[in-house]
Amino acid sequence: MTKTNYFRHRLDEELDEMAAGYIGSWAEDKRLIDIDIRVNEAHTLMLYKQGVIRRNDAKKILEMLKLAREDWRKGKFEFDREDIDVHIATEKYVIKSGLDIGGKLHTGKSRNDQVATDMRIYTREQIVDILELLLDFISSLAELSNEYKGDPMPGYTHGQHAQVTTVGYYLLGYAQGFLRDVDRLLNAYDRVNLSSLGACALVGTSINIDREYTADMLGFDGIIENSMDAVSSRDFVMEVLSTVTLIMTKLSRMAEDLIDFSTYEYRFIRLPDRYCDISSVMPQKKNPDVLEMIRASAGKTNGLLIESAMGTLRLSTGYSKDLQPIKKNLCEAVDIVKPSITLMEGILKGLEYNFDRMREVIEENYVTATDLAEFIVQNKDFSFRESHILVGELVKTAEKQKKKLKDLSPDEISKISANVLGKDIVISKKELEEATDALLSIERRGVTGPSPVSIERILKSLNPGIKKRREDIEGIKDRLKSAEERFQKTKDDVMG
Ligand code: ARG
């Protein structure tokens, strides 16, 4: 045999160099090499257990795989452009020991089932990482929401002052939202953690393999039974990508809020300097670059999801190279979401709040007008629409006179009511003050909404919920660890 490229004997020419760069997946495969070696080891152990290869063959192959891992860690793993991907590169490394033995590694498997298996392991590892970061973030949000449960801030609809909320309630809403993403990921984990290995190129193999065994060695909870499904599907990646998108979308909404709240116009918060950048020209500037990047990166992860969806659209059943970029998209998405979560947590922990300014806005821009309307409904025998009309008129009058609602006189109010509704109202100064007070406004929400008691009630079930999810993750990690130990022991036994 003259050719040294063991994979292209059917072809007369070497692969064009530009084409090799174009179709290769080496850049993203670098992060899969450890996983790919593990998958090859499990496959080798299985071939030996099944009597497909001899013990000495298995030992030789396992030795070469061990060397490959060591070389990779030392930065000495040679990789040619023509190798195209991690699977070819690893097999080639093993074949250095000889085609007769090393050439047995690829018995009863294909790159198609292997890449799907590698990706499933990579995806589950990323799920665990993201889950841990998210739960830390949610715990911080829960703590902060307890700390600021009694601090009123204006809430917005249409970007306009709407009603009074609290800083605590604002943060708590995010904790609850991100907890849904935790559940999405935990739920997706069950569908991700199934082995594709042994599906081979498309329809399995006539070689006597044991798919359950490799699945168990690799810490999978089961197998993707239909081999055509196993090599054709990337829905498991799309689920995770879509959850990443949901996480990033929420982070970008929060980033947008914080950017606004930190401007001179709002003056609600002061961003920690360590998460801000400067202008090289304007000496006074302090720019919210990290938040802006989070906002922009959310666009990127949305794009990656859509790109992956488009990449699988109209593909025929079976492996097509179009599936390869989805791997890269997942890698890029996790590289975005992980630091975004941690950075946002750091920013929130370092925020300084200007509560006086928030109170000022609430009072000056009639943020408690709905409270007054509801007070009138409950105490003055007005229908809601009547009350809405009256308070609307009161706001108009107060605005013209550059007054706060509470500074209108009871006389003025009853005149306006008689005018617009033909209905008298007797409202005292004290009633007016109480109905439009920001603190009383949140207290009146009772057990729902932004009141401190409501926040405490929600936290009472949220905190155990966080703890329960942390236990779920520990359970996952324990199962993976004990599979890893079984795997290691089996390897040691075969190696003698
Ligand atoms: N590099 C490929 C990927 O990432 C691996 C599978 C290649 N299979 C094939 N028949 N070309 O998807």
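As a reminder, the structure under discussion sits directly above these lines.
In this report, we go over the structure that sits alongside the text. Just so you know, these numbers come straight off a predicted model, no measurement behind them.

## Considering the overall build of the protein chain
Here comes step 1: Regarding its fold elements, the protein chain presents 20 helices and four strands.
Here comes step 2: Relative to the compact-globule value of 23 Å for 496 residues, the protein chain shows a C-alpha radius of gyration of 31 Å, a clear excess of over 25%.
Here comes step 3: By sequence separation, contacts in the protein chain at least 24 residues apart represent 77% of the contacts at least 6 residues apart.
Here comes step 4: Summed over all atoms, the accessible surface of the protein chain reaches about 23,800 Å², with 50% contributed by carbon and sulfur.
Here comes step 5: Computing the positive centroid from 73 side-chain charges and the negative centroid from 83, the protein chain places the two 1 Å apart.

## Section: the nonpolar core
Here comes step 1: Phe137, Leu171, Met254, Leu258, Met344 and Leu348 are the most contacted members of the largest nonpolar core, which totals 111 residues.
Here comes step 2: Broken down by element, this core gets its largest block of residues, 15 residues, from helix H7 (residues 111–147).
Here comes step 3: The contacts of Leu348, once residues within four sequence positions are left out, are Phe137, Leu141, Leu144, Leu171, Met254 and Leu258.
Here comes step 4: Ranked by size, the runner-up nonpolar core spans 20 residues in total, among them Ala373, Leu390, Ile413 and Ile427.

## Focus on the pairing of strand E2 (residues 160–166)
Here comes step 1: The sheet contact formed by strand E1 (residues 152–157) and E2 spans five bridges and is antiparallel. By the bridge assignment for E2, Thr157 is matched with Gln160.
Here comes step 2: Counting the residues that bridge the hairpin from E1 to E2 gives two residues, and of these His158 lies at a positive phi of roughly 55°.

## Notes on the site of the ligand
Here comes step 1: For the ligand, the full set of nearby residues is Ser25, Asp85, His87, Arg111, Asn112, Val115, Tyr319, Gln324 and Lys327.
Here comes step 2: The separation between a nitrogen atom of the ligand and a polar side-chain atom of Asp85 is 2.8 Å.
Here comes step 3: Within the side chain of Gln324, a nitrogen or oxygen atom sits 2.8 Å from a nitrogen atom of the ligand.
Here comes step 4: In isolation the ligand has 340 Å² of accessible area, and contact with the protein removes 86% of it.
Here comes step 5: Breaking the shell around the ligand down by element, the ones donating at least two residues are H7 and helix H13 (324–350).

## Thoughts on unusual backbone geometry
Leaving glycine out, the prevailing phi sign among residues is negative, and the prevailing peptide bond configuration is trans.
Here comes step 1: Look at His158: it is not a glycine, yet its phi comes out positive at around 55°.
Here comes step 2: With respect to the secondary-structure elements, His158 resides in the loop between E1 and E2.
Here comes step 3: We classify His158 as exposed; its relative accessible area is 79%.
Here comes step 4: A positive phi angle, near 50°, is found at Lys402, a position not held by glycine.
Here comes step 5: Along the chain, Lys402 turns up in the loop between helix H16 (384–400) and helix H17 (410–421).

## Considerations on the packing of aromatic side chains
Here comes step 1: In this structure the tally under the stated criterion is 16 aromatic pairs.
Here comes step 2: When the centroid spacing of 5.3 Å and the interplanar angle of 65° are considered together, the rings of Tyr170 and Tyr174 count as edge-to-face. Taken together, the positions of Tyr170 and Tyr174, both in helix H8 (residues 167–192) and four residues apart, correspond to about one turn of that helix.
Here comes step 3: In this structure Tyr170 comes out as buried when scored by relative accessible area, which is 17%.
Here comes step 4: Between Tyr266 and Phe268, the aromatic rings sit 5.4 Å apart at their centres with planes inclined by 90°, giving edge-to-face as the arrangement. We note that Tyr266, like Phe268, is buried.

## Quick notes on the packing of H7 against helix H11 (residues 235–261)
Here comes step 1: Two numbers describe how H7 lies on H11: the axes approach to 11 Å, and their chain directions differ by 25°. Between H7 and H11, the interaxial angle falls into the category roughly parallel. Crossing geometry of H7 relative to H11 is assigned as left-handed. In this structure, H7 uses Ala116, Met119, Arg120, Thr123, Ile127, Ile130, Leu134, Phe137 and Leu141 to contact H11, whose residues at the interface are Phe236, Val237, Val240, Val244, Ile247, Leu251 and Met254.

Thresholds, definitions, all that
Residues numbered from 1 in each chain as written. Predicted model: local features only at pLDDT ≥ 70, side-chain atom pairs only at ≥ 80, totals over all residues. Heavy atoms only, no water. Helix = DSSP H or I, 4+ residues; strand = E, 2+ residues; numbered from the N terminus. Rg over C-alpha atoms; globule rule 2.2 N^0.38 Å. Contact = heavy atoms within 4.5 Å. Areas by Shrake-Rupley, 256 points an atom, 1.4 Å probe, with all protein chains shown as cover. Lys, Arg positive; Asp, Glu negative; His and termini not counted. Charge placed at Lys NZ, Arg CZ, Asp CG, Glu CD. Core = buried A, V, L, I, M, F, W, Y, C linked by side-chain atoms within 4.5 Å. Buried < 20%, exposed > 50% of the residue type's maximum accessible area, 1.4 Å probe, protein only. Pairing = 2+ DSSP bridges. Near = heavy atom within 4 Å. Polar contact = N/O pair within 3.5 Å; in protein donor to acceptor, adjacent residues only side chain to side chain. Phe/Tyr/Trp six-rings, centres within 6.5 Å; stacked < 30°, edge-to-face > 60°. Axes fitted to C-alpha atoms, helices over the stretch in contact; angles between N-to-C directions. Parallel < 35°, antiparallel > 145°, perpendicular 65-115°, else oblique. Left-handed = near helix turned anticlockwise from the far one by under 90°.

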